[in-house]
Amino acid sequence: MSLDAEEEFLKELNEPQREGVINTEGPTMIIAGAGSGKTRVLTYRIAYLIKYKHVDPFSIMALTFTNKAAREMRNRIEKVVDNDARNIWMGTFHSVFARLLRSEAHHIGYPSNFTIYDADDSKSLIKSIVKEQGLDDKVYKANAVFSRISGAKNNLVSWKDYINNPLYQADDESQMRPHIGKLYQLYVQRCFKADAMDFDDLLFNTNLLFKEHPDVLNKYQQRFQYVLVDEFQDTNISQYLITKRLASVRQNIAVVGDDAQSIYAFRGANIQNILNFEKDYPDLRIIKLEQNYRSTQNIVNAANSVIVKNKAQLHKNVWTSNQEGRLIELIKAVSDNEEGKLVASTIFEQKMNHQYHNSDFAVLYRTNSQSRAMEEALRRMNIKYKVVGGLSFYQRKEIKDLLGYLRFAVNQNDEQALRRIINLPKRGIGDSSVDKIIVAADEQGVSLWEILENIHHFVGGRAGEAIKNFVTMIKSFRITMEKSDAYDTAQMVAKNSGLLKELYEDKTVEGLNRYENVQELLNAIKEFVDNPETNDKTLGAFLQEVSLLTDADDKNKELDDAVTLMTIHMAKGLEFKNVFVVGMEEDLFPSQMMLSSRADLEEERRLFYVAITRAEQHLFLSYALNRYRYGRLKTCEPSRFLSDIDTTYLQVSKSIGSHEPLPGVQAQHFGKRSLIAGFPEQKPQAPRHFVKQTAHQPSSDFKPSDTSNLIVGNRVEHPKFGFGKVIRMDVDGANRKAIIDFEQFGEKTLLLSFAKLRIVE
DNA sequence: AAGGCGCGTTTTTTT
DNA sequence: AACGCGCCTT
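- As recorded in an unreviewed UniProt entry, chain A goes by DNA 3'-5' helicase and comes from Imperialibacter roseus.
- Annotation of chain A in UniProt includes, under Sequence similarities (unreviewed entry), the sentence "Belongs to the helicase family. UvrD subfamily."

## Quick notes on the packing of helix 7 (residues 142–154) against helix 11 (residues 199–212)
Argument step 1. Relative orientation of the contacting elements helix 7 and helix 11 amounts to 25°, with a least axis distance of 9 Å. Considering the angle they form, helix 7 stands roughly parallel to helix 11. At the point where helix 7 passes helix 11, the crossing takes the left-handed sense. Along the contact surface, helix 7 presents Ser150, Lys153 and Asn154, while helix 11 presents Asp200, Asp201 and Phe204.
Argument step 2. Of the residues belonging to the contact of helix 7 with helix 11, the class tally is one nonpolar, two polar and three charged.

## A look at the packing of helix 6 (residues 119–132) against helix 7
Argument step 1. Contact geometry of helix 6 with helix 7 gives a least axis separation of 9 Å together with a crossing angle of 110°. When the interaxial angle is binned, helix 6 and helix 7 end up roughly perpendicular. Remark: the crossing between helix 6 and helix 7 carries right-handed chirality. For the pair helix 6 and helix 7, the contacting residues are Ala119, Ser122, Lys123, Ile126 and Lys127 in the first and Ala142, Asn143, Val145, Phe146 and Ile149 in the second.
Argument step 2. A per-class count over the contact of helix 6 with helix 7 returns six nonpolar, two polar and two charged.

## Remarks on a nonpolar patch on the surface
Argument step 1. On the surface, Phe348, Met352 and Met381 cluster together into a nonpolar patch covering about 280 Å² of accessible area.
Argument step 2. Mapped onto the elements of the fold, Met381 is located in the loop between helix 17 (371–380) and strand 11 (385–387).
Argument step 3. Classification of Met381 as partly exposed rests on a relative accessible area of 31%.

## Structural notes on the side chain of Gln412
Argument step 1. Tracing the backbone through its elements, the reader meets Gln412 in the loop between helix 18 (397–410) and helix 19 (415–421).
Argument step 2. Relative accessible area serves as the criterion here: at 11%, Gln412 is assigned to the buried category.
Argument step 3. Separated by 3.2 Å, the side chains of Gln412 and Arg478 make a polar contact.
Argument step 4. Setting aside its immediate chain neighbours within four residues, Gln412 contacts Trp449 and Arg478.

About the thresholds
Residues numbered from 1 in each chain as written. Chains lettered and ligands numbered in written order. Predicted model: local features only at pLDDT ≥ 70, side-chain atom pairs only at ≥ 80, totals over all residues. Heavy atoms only, no water. UniProt positions renumbered as here; feature names shortened; annotations may be inferred. Axes fitted to C-alpha atoms, helices over the stretch in contact; angles between N-to-C directions. Helix = DSSP H or I, 4+ residues; strand = E, 2+ residues; numbered from the N terminus. Parallel < 35°, antiparallel > 145°, perpendicular 65-115°, else oblique. Left-handed = near helix turned anticlockwise from the far one by under 90°. Contact = heavy atoms within 4.5 Å. Nonpolar A, V, L, I, M, F, W, Y, C, P; charged D, E, K, R; others polar. Patch = residues over 30% accessible without salt bridge, like charges linked within 9 Å, V, L, I, M, F, W, Y side chains within 5 Å. Areas by Shrake-Rupley, 256 points an atom, 1.4 Å probe, with all protein chains shown as cover. Salt bridge = Lys/Arg side-chain N within 4 Å of Asp/Glu carboxyl O. Buried < 20%, exposed > 50% of the residue type's maximum accessible area, 1.4 Å probe, protein only. Polar contact = N/O pair within 3.5 Å; in protein donor to acceptor, adjacent residues only side chain to side chain.

If you want it as structure tokens, here you go:
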């Protein structure tokens, strides 16, 4: 080993980066500001381990947040080390531990061909459990129940712990949902019976495995001598504990993250992990990366001026020696559609004046639904774009249908897959027959498949006959599967199930599309099988990969020169020369949901920080004065986040925006709006309609009244807004509305179908 | 069992 | 506006 070569290797790094690379032993935490070369440190660290510390790639585990990040890192490492980086265990927490569980799950009672339930599977399972329990599905909404269960699992609270924990119980009772614990238990048992794990189970069960089988844990502790974690700020307790257990012998754990970019608390991510880390590893080496290489001074400074408004943060001083750059531009539009037009025309201008490519632009928004207006405008101007996220390929019905068949061929206990495919295409097996099967399996204490194989005992007549044929068909799939690879099996299944035929006969535009999509899925399977890096070419291996795939992983989308449209969450870890952050309006960003349900303004602000710091050269912020939301046109106020930005870094774009009233919008709004014309010179004012968490404690005898006879003049109480008086009633299509003047919050329009009102007099 | 119609609900972010 | 669910009819 030549020392010169090593110096050569390290010469591209600044001092703290270098520290982060060469101190390979012992616990290390790298706090990396936005754009400070965090991924670079991680890749160099791994390459350095292999090349200069002669560590076997086989004993390195690197955990990333997305599959894409893992792929990129692997490519970069391969460029540096000639040694093949293929043996590094690198991927998302979910994919890495799914892989581990495939070989070890038998210790905890799961077979190795277990299915992975996606969020849709989980929710529909919850729906059926709620129904079976005779509970009200309006009270026990699948989303709410699921997120409660998910939260518990991410905190490593088992269903038994949950039921025995008075805090959880009290919480649920105060929400009028005392049976969530029971539902949690039934849900877990049903998943287990179906040989299925949901996303959270992959982590929960890994923890369980490590806890209950020290010998297994020990095996992996010996193997993985170096553990690295990217995006540490977005890990949850469950993930943290896995890494802690794995690294507890060697203590060679390196985590990289930025507390200012923690945006997944809603999914259980916990900044507390960063603090715990210091406690868990007393001799921790902390390295701070503070020099930003990505953005202009104006952008870095503006971002700093935003993030200091947060109280909860570690001290950090992000700076840059890049040039000052242009001011951030604020674009105001009259409507969401006009916002789209302005963004599109600005992109056009920038391209003309500065020789940019389409791929130098990104449009970031808070919610997926905002992409529509943007797409339309870009299409009109003939600017190529791609939407990342939203409805992904693998969420399409026809794709899930075929995958359902494949899943069931692999695992006959997969209840959700069975429900999806048993009568598809229609073969005369209705819901009542399916229910009979499930009840029978439950009563007999056997698997669904055993009932299906002996169906003549349970369902007779035409349906029974149809089921018999179905079973024969599935058996033929299994025989093919055992002697063929994933592609041949999938093709045979697509043909013999009748799915392909049904789609082929549908000559509508959508039908044609669907047919092509299925063909595309088959192509993807072919690609999977043909890929020389695929060791395991079975159907099961393909399904596992697919179930953990995200839309950001779609390779087809990386080729073209196109403007990128995506949510800010999806933009994490990416950078673009020009960035538009659109929809900078109160209630949209920061999201109304976030504020009223979780009261976490700071997480929203960190999200804004992430958005700003994606930009390398030029940042544009835009808002619309009117926007279609929930199918209605609504007037909006500019986001409070705009006034967080120090105005020295900001300029209002020359009065772009037509300021013509929209059809159907009363002119009165624009009178008020003209106040904002001078924004941001005007002092920021306290937002008026912001519902604080401490808003109102409903009276102890609060009981919602029947609002069908609500009249003008009634005095009412609302559990959140307090007392008020009905000043107007309105009918809008199917909805009855009441305009109520609340003592604390002023006028509000309530949809009576949603409003919980107590009529006081 | 299957398909149609009308009503009611829902819109935050994702592995 | 878009979707899903339940009920009703065939």
